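A structural walkthrough
If you want the building blocks of each chain, they are given just below.
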Amino acid sequence: MIVEVQVFGIQKSADTRKALRFFAERRIRTHFVDLTVRPASLGELRRFAQRFGIEALLDRDGRRFADLGLRAARYGEARWLDRLAQEPLLLRLPLVRSGQRLTIGLAEGEWREWVAP
């Protein structure tokens, strides 16, 4: 059973709000990091990229991705991490962490495993 989770996202993201509600309904202490106020550190983003790969972090279907003209962009991992740290709307949200457990996007099935007694 988990005690606390950290949710990285933005308030306007429906999936971020769903994640916060999921943990609140189960009375799990949640630390929310609003990426528009405080961007994720390179180290934090690197942790997700090492587990899932940089492509999993990218929201290539998002509006901000298209607005910046990045649909066809093929950067190296270091360049993407820098870009993601500067532009949180390019991320697939939410990013959720509990200890060593990580998820990207809405992952209620995995979260249910985390909170199972």
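You'll find the structure just up there.
These lines cover the structure that appears in this document, whether it is placed above or below. Just so it is clear, the structure is predicted and the values come from calculations on it, not from any experiment.

1. Brief notes about the overall build of the protein
Counting its regular elements, the protein contains six helices and four strands. Listing each helix as α and each strand as β along the protein from the N terminus yields β-α-β-α-α-α-α-β-β-α. In terms of overall size, the protein behaves like a compact globule, its C-alpha atoms giving a radius of gyration of 14 Å where 117 residues would be expected to give roughly 13 Å. Seen along its three principal axes, the alpha-carbon backbone of the protein occupies a region of about 45 × 25 × 25 Å. Put simply, the protein has 117 residues, and 45% of those count as buried. In the protein, 63% of the contacts between residues at least 6 apart in sequence involve partners at least 24 apart. About 6600 Å² of surface is accessible on the protein, with carbon and sulfur atoms providing 47% of the total. For the protein, the distance from the average position of its 22 positive side-chain charges to the average position of its 15 negative side-chain charges is 2 Å.

2. Describing the pattern of salt bridges
Applying the stated rule across the entire model yields seven salt bridges. Of the charged contacts, one joins D67 and R63 as a salt bridge, the two residues approaching to 3.9 Å between their closest N and O atoms. Of this pair, D67 and R63 are both found in helix α4 (residues 63-67), four residues apart, which corresponds to roughly one turn of the helix. Residue D67 is classed as exposed on the basis of its relative accessible area of 52%. According to the relative accessible area criterion, R63 is exposed, its value standing at 70%. Salt bridges linked by common partners bring E44, R47 and R97 together as one network.

3. Let's talk about the side chain of E44
Summarising the element assignment, E44 is placed in helix α2 (residues 42-52). Here E44 is in contact with F8 and R97, once residues within four sequence places are set aside.

Rules of the game
Residues numbered from 1 in each chain as written. Predicted model: local features only at pLDDT ≥ 70, side-chain atom pairs only at ≥ 80, totals over all residues. Heavy atoms only, no water. Helix = DSSP H or I, 4+ residues; strand = E, 2+ residues; numbered from the N terminus. Rg over C-alpha atoms; globule rule 2.2 N^0.38 Å. Buried < 20%, exposed > 50% of the residue type's maximum accessible area, 1.4 Å probe, protein only. Contact = heavy atoms within 4.5 Å. Areas by Shrake-Rupley, 256 points an atom, 1.4 Å probe, with all protein chains shown as cover. Lys, Arg positive; Asp, Glu negative; His and termini not counted. Charge placed at Lys NZ, Arg CZ, Asp CG, Glu CD. Salt bridge = Lys/Arg side-chain N within 4 Å of Asp/Glu carboxyl O.

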